[in-house]
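Structural description and commentary
Here is what each chain is made of, one letter per residue.
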Amino acid sequence: MITRTTHNLFRFSLWISCWMFVLGWAPTAPHKPSRMPLSARNRGSETTSVVKRLSLAGVSVSPQGFWVIYSVPEEGFWPVQITSTEEDASAATSPEALTILQLISGVDMAGAILPPDILARMSVLQSEQRDDFVSRSIITYVKDSLPKGANYSESHPWFQSRVRLPQVTLDGVQMNPLSLECVSRGIGQFSLTLTEDILKAVCFNYDEVGSETFMAVALALRYKAPIQVTGEVETIDQEELSKTFPLFKSADNLFESSKRVTKSIERGFEYHKLSGALRIAMERGDQVAAERIQEKLDEFDSLDDLLTLDDGTDGLDLMQ
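Residues numbered from 1 in each chain as written. Predicted model: local features only at pLDDT ≥ 70, side-chain atom pairs only at ≥ 80, totals over all residues. Heavy atoms only, no water.

**What to know about unusual backbone geometry**
Along the chain, Asn176 connects to Pro177 via a cis peptide bond; the corresponding omega equals -5°. Within the secondary structure layout, Pro177 lies in the loop between strand 5 (168-175) and strand 6 (178-184). The residue Glu74 is not glycine, and still its phi comes out positive at about 65°. In this fold, Glu74 is placed in the loop between strand 3 (65-72) and strand 4 (76-81). Taking the relative accessible area as the measure of exposure, Glu74 reaches 88% and is therefore exposed. Positive phi, normally seen in glycine, also occurs at Ala110, with a value near 50°. The residue Ala110 is located in the loop between helix 2 (95-104) and helix 3 (118-127) in this model. (Helix = DSSP H or I, 4+ residues; strand = E, 2+ residues; numbered from the N terminus. Buried < 20%, exposed > 50% of the residue type's maximum accessible area, 1.4 Å probe, protein only.)

See the structure below:
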C-alpha cells in the first residue's frame, strides 16, 4: 500500500512538473535586483531620466530677491528663487527669507508665514479637486467636522480653523516638475501639486514668482525631507556663482553662525543668573560666595567670548 501511494505521488509530481514546463513556470535561479535605482530603470523606452538628490549649498540676496542655492551632483550649483521683492536686495528682510534662514538654523517658529498645519490644509484643498481613493478618504475625514453640506475651501475661516485635519507628513520633494510626496496617516501616500489656487489660499504673501518654491523648500527643511530633480537643470559653476551672487553665504557658514548665536544666548542667560546670585550674596553679606561669583562673571569680559561678525564670512549679515 505504501509503495502504491508513493508511486501515485511520483506520477502526480511528474504530471505537475510537465505542465509547469509547458506553461513557463519552471523554477529559475533567484532574481537579483538591479543596482540601478528604480526611478532610473529602463521601463521600455530608449532613454531614461536620472534622479539626482540635491544638497543645500547656501543662500544669497540679490537685486532680484532671495535665493537658495543647491548643489547638483557632478553638475554644479542650481539657484532657486524664493522671493522677488526689493526687501531682499541687500539683506534678507522679507518674512519668507527670514523663515528660510530660521529653518536652516534649526528654528521653526511655525508662525503665520508657515503655520504648523499648512501641509494638511493644502492636502485638503487638493483633495476637493480630485477623485481618487486618497482624496475621497481625506474629504470624508474632514467633512465629519464641517457643517453639513459644506466644503472646506468655501467655508468661513472661523470654521476652517476648527476643522479636524488629517495628519500629513512630507517624504520628499520633486523639483521639476514640482510636487510634494506626502503620506496621510491611516489613509495613504499621494502627490501634492502646488497649484496657484492652493497657494493663494494658504500663502501669507502670494508671489507668483517665488511662492511655489518657497513652500517646497520651507516644507522640505521643516520635515527634513530630501529634494530631488529629474533630468537636466540649468546649473552654474563656482566662478559664475561668485559673479552672479557676490553676497552668497554657504550653508556651513550659516550653521556656524547659528551655533555662535545660540552660544551667545546661552551665555547671556548664564550671565544674568550669576548677576542675580551675586546680588543675593552681597545682600546676605556672604563675601566668599560673592568673590567666587565675581570670578565667574569676570570670564565673560574676555573678548574671545563675545559674538563677532567677520566681513564676508559670516551669514548673520544677511539678516541685518
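There is more to say after this.
**A word on the sheet that holds strand 6**
Across the sheet, which stays open at both edges, the 5 strands sit in the order 1-8-5-6-7 with mixed pairing between neighbours. Edge positions in the open sheet fall to strand 1 (51-53) and strand 7 (188-192), since each of these has one partner strand only. Averaged over all neighbouring strand pairs, the angle between strand axes comes to 25°, with direction disregarded. Pairing of strand 1 with strand 8 (residues 227-230), which is carried by 3 bridges, proceeds in the antiparallel orientation. Bridge pairing links Val51 to Thr230 in strand 8. (Pairing = 2+ DSSP bridges. Axes fitted to C-alpha atoms, helices over the stretch in contact; angles between N-to-C directions.)

**Observations regarding the nonpolar core**
Core analysis: the biggest nonpolar cluster contains 58 residues, and Phe66, Leu180 and Met215 have the highest contact counts within it. It is helix 7 (residues 211-223) that contributes the most residues to this core, 7 residues altogether. If we skip the residues at most four places from it in the chain, Leu180 touches Leu119, Leu170, Gly172, Val173, Phe190, Ser191, Leu192, Leu194, Ala216 and Leu219. Of all hydrophobic cores here, the second largest spans 7 residues; its members include Ala57, Ile69, Leu241 and Phe245. (Core = buried A, V, L, I, M, F, W, Y, C linked by side-chain atoms within 4.5 Å. Contact = heavy atoms within 4.5 Å.)

**Topic: the sheet that holds strand 9 (residues 249-250)**
Spatially, the 4 strands line up as an open sheet ordered 4-3-2-9, and their pairing is antiparallel. The open sheet has two free edges, formed respectively by strand 4 and strand 9, since each of these has just one partner strand. Pairing of strand 2 (residues 55-62) with strand 9, which is carried by 2 bridges, proceeds in the antiparallel orientation. Bridge assignment links Val59 to a residue of strand 9, and that residue is Lys249. Running at roughly 40° to strand 3, helix 2 makes contact with strand 2 and strand 3 of the sheet.

**Considering the pattern of salt bridges**
Once their charged atoms are close, side chains differing in charge can pair, the charge on each being opposite to the other. If you walk through the whole model with that rule in mind, you get 7 salt bridges. A salt bridge links Glu75 to Lys52, with the shortest nitrogen-to-oxygen separation between them at 1.8 Å. Of the two residues, Glu75 sits in the loop between strand 3 and strand 4 while Lys52 sits in strand 1, which places them 23 residues apart along the sequence. Owing to a relative accessible area of 26%, Glu75 belongs among the partly exposed residues under this scheme. (Salt bridge = Lys/Arg side-chain N within 4 Å of Asp/Glu carboxyl O.)

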